[in-house]
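Examination of the molecular architecture
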Amino acid sequence: MNAGTAYLSVAAGLFVATAVKLWALRKNPRDPLLRAVVVALFIAGLLFVTAAPPNLAVINELFGMPNIAAPIVYSILTAFDGVSIVLLIHWRGNEDARVTLRQTRLCLTTYATVMVAMYALFALGDAPVERLRDLDTYYSSTPWIREMILLYLAAHSVAAVTMVVLCLRWSRQVPGTLKAGLLLITVGAVCMFGYDLLKFTAIVARWLGHDWDSLSTDVAFSLAGFSALLFFAGFMLPPIGQGVGSRWRALRRFRGLQPLWLEIRPEIPPTSPPPMPWWQPVERRLMQRERDIFDAVLRLMPWFDRSTGTEVYALALAEHSEIRRARGEADASVIVRAVIRKGDAVPALAPEHRWTVSSIEDSEDLVDMSAAILRSARVERTRQSTAPAEHGA
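Each residue is numbered by its place in its chain's sequence as written, counting from 1. For a predicted model such as this one, the threshold for reporting local features is a pLDDT of at least 70, and the threshold for listing and counting side-chain atom pairs is 80 or more; totals across whole chains, interfaces and linings nevertheless cover every residue. Only hydrogens and water are removed before side-chain values are computed, so all heavy atoms of the structure are retained for them.

1. Examining the overall build of the protein chain
Secondary structure counts use DSSP, requiring at least four H or I residues in a row for a helix and at least two E residues in a row for a strand, with both numbered from the N terminus. Within the protein chain, the secondary structure is distributed over 15 helices and zero strands. Sequence-distant contacts in the protein chain: of pairs separated by 6 or more residues, those separated by 24 or more amount to 74%. Accessibility throughout is a Shrake-Rupley quantity obtained with a 1.4 Å probe, and a residue counts as covered only by protein chains that appear here. Summing over all exposed atoms, the protein chain offers an accessible surface of approximately 20200 Å²; the carbon and sulfur share of this is 63%. The distance from the centre of the 40 positive side-chain charges to the centre of the 35 negative ones in the protein chain is 3 Å. When checking whether two residues touch, look at their non-hydrogen atoms; a contact exists if any pair is within 4.5 Å. Charge assignment in this entry is limited to Lys and Arg as positive and Asp and Glu as negative, and neither His nor the chain termini are counted. Charged side chains are reduced to one point each, which is NZ for Lys, CZ for Arg, CG for Asp and CD for Glu.

2. Some points on the pattern of salt bridges
For salt bridges, the criterion is a side-chain nitrogen of Lys or Arg within 4 Å of an Asp or Glu carboxyl oxygen. One pass over the full model with this rule turns up 16 salt bridges. For Glu-329, the salt bridge goes to Arg-325, with nearest N and O atoms at 3.6 Å. Residue Glu-329 and its partner Arg-325 are both found in helix 13 (residues 323-343); the two are separated by four residues, about one turn of the helix. To sort residues, take the accessible area from a 1.4 Å probe on protein chains only and compare it with the maximum for the residue type: under 20% means buried, over 50% means exposed, and anything in between is partly exposed. On the accessibility criterion, Glu-329 (4% relative accessible area) is buried. The exposure class of Arg-325 is partly exposed, given its relative accessible area of 41%. Arg-327 is the salt-bridge partner of Asp-331, the closest N and O atoms lying 3.8 Å from each other.

3. Here we look at a positive patch on the surface
Residues forming no salt bridge and having over 30% relative accessible area are the ones grouped into patches, like charges within 9 Å of each other and nonpolar side chains (Val, Leu, Ile, Met, Phe, Trp, Tyr) within 5 Å. On the surface, a cluster of positive charge is made up of Arg-92, Arg-169, Arg-172 and Lys-179. The residue Lys-179 is located in helix 8 (residues 176-207) in this model. With a relative accessible area of 31%, Lys-179 lands in the partly exposed category.

4. Points about the packing of helix 5 (residues 97-124) against helix 7 (residues 145-171)
Packed helix pairs are characterised by how far apart their axes lie and by the angle those axes make with each other. Inter-axis angles, ranging from 0 to 180 degrees, are taken between N-to-C directions of lines fitted to C-alpha atoms, where helices are fitted over the stretch in contact. Following both chains from N to C, one finds helix 5 and helix 7 inclined at 160 degrees, their axes separated by 8 Å at the closest point. Taken together, the axes of helix 5 and helix 7 are roughly antiparallel relative to one another. At the point where helix 5 passes helix 7, the crossing takes the left-handed sense. Residues Tyr-111, Val-114, Ala-117, Met-118, Leu-121 and Phe-122 of helix 5 form the contact with helix 7, whose participating residues are Ile-145, Glu-147, Met-148, Leu-151, Tyr-152, Ala-155, Val-158 and Ala-159. Three residue categories are used. Nonpolar comprises Ala, Val, Leu, Ile, Met, Phe, Trp, Tyr, Cys and Pro, charged comprises Asp, Glu, Lys and Arg, and polar comprises the others, including Gly. Classifying every residue of the contact of helix 5 with helix 7 gives 13 nonpolar, no polar and one charged. Each angle gets one of four labels, with under 35 degrees taken as roughly parallel, over 145 as roughly antiparallel, 65 to 115 as roughly perpendicular, and the rest as oblique. Note on convention: near helix rotated counterclockwise from far helix by under a right angle means a left-handed crossing. Clockwise means right-handed.

5. Comments concerning helix 4 (residues 69-92)
Over its 24 residues, helix 4 extends 35 Å from the first C-alpha to the last, a length consistent with the 34 Å expected when each residue adds 1.5 Å. Counting buried positions along helix 4 gives 22 out of 24 residues, so the element sits mostly inside the fold. Expected span of a helix, by definition, is 1.5 Å for each gap between consecutive residues, and there is one gap fewer than residues.

6. Quick word on the nonpolar core
Think of a nonpolar core as a cluster: buried Ala, Val, Leu, Ile, Met, Phe, Trp, Tyr and Cys residues, connected wherever their side-chain atoms sit within 4.5 Å. With 72 residues, the main nonpolar core has Tyr-74, Trp-91, Met-148, Ile-149, Tyr-152, Met-163 and Leu-182 as its most contacted residues. Among the secondary structure elements, those contributing two or more residues to this core are helix 1 (3-27), helix 2 (32-51), helix 3 (53-63), helix 4, helix 5, helix 7, helix 8 and helix 9 (213-256). With 16 residues, the top contributor of residues to this core is helix 4. When sequence neighbours within four positions are dropped, the list of residues in contact with Leu-182 reads Leu-88, Trp-91, Cys-167, Trp-170, Ser-171 and Val-174. In this structure, Val-282, Phe-304, Ala-338 and Ile-373 belong to the second largest nonpolar core, which totals 31 residues.

7. Things to note about the packing of aromatic side chains
To pair, rings of Phe, Tyr and Trp, with the six-membered ring standing in for Trp, must have centres within 6.5 Å; the planes then decide the type, stacked if under 30 degrees apart, edge-to-face if over 60, and tilted in the middle. Following the criterion strictly, the structure yields four aromatic pairs and no others. Between Tyr-138 and Tyr-139, the ring centres sit 4.9 Å apart and the planes meet at 75 degrees, which makes this aromatic pair edge-to-face. The buried category is assigned to Tyr-139, whose relative accessible area is 4%. Criterion for a charge above a ring: Arg CZ or Lys NZ at most 6 Å from the ring centre, at most 35 degrees from the ring normal. A cation over a ring is seen here: Arg-289 above Phe-254, with NZ or CZ 3.9 Å from the ring centre.

8. Describing the environment of Pro-275
Along the chain, Pro-275 falls in the loop between helix 10 (258-264) and helix 11 (282-300). Residue Pro-275 is classed as partly exposed on the basis of its relative accessible area of 46%. Separated by 63 residues in the primary sequence, Pro-275 and Trp-212 have C-alpha atoms spaced 69 Å apart. Residues in contact with Pro-275, not counting those within four places in the same chain, are Trp-261, Arg-265 and Gln-288.

9. What about the layout of surface pockets?
Residues are called lining when one of their atoms sits within 4 Å of a cavity or pocket point, these points coming from a 1 Å grid over the protein atoms alone, where a cavity is a set in which a 1.4 Å probe fits but cannot get out and a pocket is an open set with protein on both sides within 12 Å along at least five of seven lines. Grid points are joined across faces, edges and corners, and a volume is the space filled by probe spheres set on the points. The calculated volume of the second largest pocket comes to roughly 200 Å³. In terms of lining residues, the second largest pocket is bounded by Arg-249, Arg-252, Arg-253, Ser-363, Glu-364 and Val-367. Mapped onto the lining of the second largest pocket, the elements with two or more residues apiece are helix 9 and helix 14 (363-375). For the lining of the second largest pocket, a count of residues per class yields one nonpolar, one polar and four charged.

10. Focus on the side chain of Thr-50
Relative to the helices and strands, Thr-50 resides in helix 2. A polar side-chain atom of Thr-50 sits 3.0 Å from the main-chain carbonyl oxygen of Leu-47. Discounting chain neighbours no more than four positions away, the residues touching Thr-50 are Asn-55, Leu-56, Ile-59, Val-73 and Ile-76. Pairing of N or O atoms within 3.5 Å defines a polar contact, subject to two protein rules: one partner must be a possible hydrogen donor and the other a possible acceptor, and residues neighboring in sequence count only if both atoms are side-chain atoms.

11. Topic: the packing of helix 4 against helix 7
Packing of helix 4 against helix 7 leaves a shortest axis separation of 10 Å and a crossing angle of 20 degrees. Put simply, helix 4 runs roughly parallel to helix 7. In this structure, the crossing between helix 4 and helix 7 has a hand that is left-handed. Contacts from Ala-70, Pro-71, Tyr-74, Leu-77, Asp-81, Ser-84, Ile-85, Leu-88, Trp-91 and Arg-92 in helix 4 reach Met-148, Ile-149, Tyr-152, Ala-155, His-156, Ala-159, Thr-162, Met-163, Leu-166, Cys-167, Arg-169 and Trp-170 in helix 7.

Here you go:
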């Protein structure tokens, strides 16, 4: 794959990511972190579009000035550095919003100044021979152009080191996909710094009379594309991972509540909408299932028998000594019996004889109660003993 195709392929991936985040920004237009992500991804894509060698020639021809593409590409790279640091500042957050604002302004002002300085240095220098791949080394000894090159590399190196420090510090404090994303950004920043070192090495070699240009034109080029992919993966992994994790937890909870939902299904109010089809988002299906359970529990409350709950709770606690599990079995037994008693038109209990089902107050307890309906022998014995007794009464 030639340099132009490789750069444009990376740019295409970055623009796709930008479009995805831009769509999310429509729903949260005031989210500063999301805005920073969109800007960073767009600038990164723009960088690889303008830095592709065929496009460098187009830019030079468009402006009618040989090598004018150089300060344009360098300034876009510098803008990306500044925005990336700002993104990390906002991503991590700070209890004092004034500190975040001050750090953001300092970073953007510094890198904006560097961008202006590069255009000034290019205007002061003389670069008449168009160089699309090796401008850094070809003009490494040309007054003012040399300073422009060293300035952009220095600013890039500072950004790389800053990102490594910020990401490593933060990654020690967070788990999961956020930690993995930060570590990917760290590796990308290390590659950025490696890119700068290779460029500096090739330039110094030129000063000493050696030709190590391949370090700048070939090896550094490969590192630039690799680091961009790592940055893309690092910034995209946490939100994607969190979304997948959230949906997986919702699906597990949805399935975990199925035994309880099936048990109380006869008591779901007839005015309730039918269960959503499988292709609907699992979060919405979970909300509907939980709402159905709560509505049915309210309708069953007058038949919650305290004696049943007390007996099962004591037996379960004596067997395994787990309060939460015992409470879940007791609540499940009470619900199973209440469904049968209400269905058989047994009169409701007086308030002083009713059991309070506390497992519906906590999401995990609700799933445990559902599991008890499916697996507990005590709950099953309550089911089998209730119907004959009531029918025979």
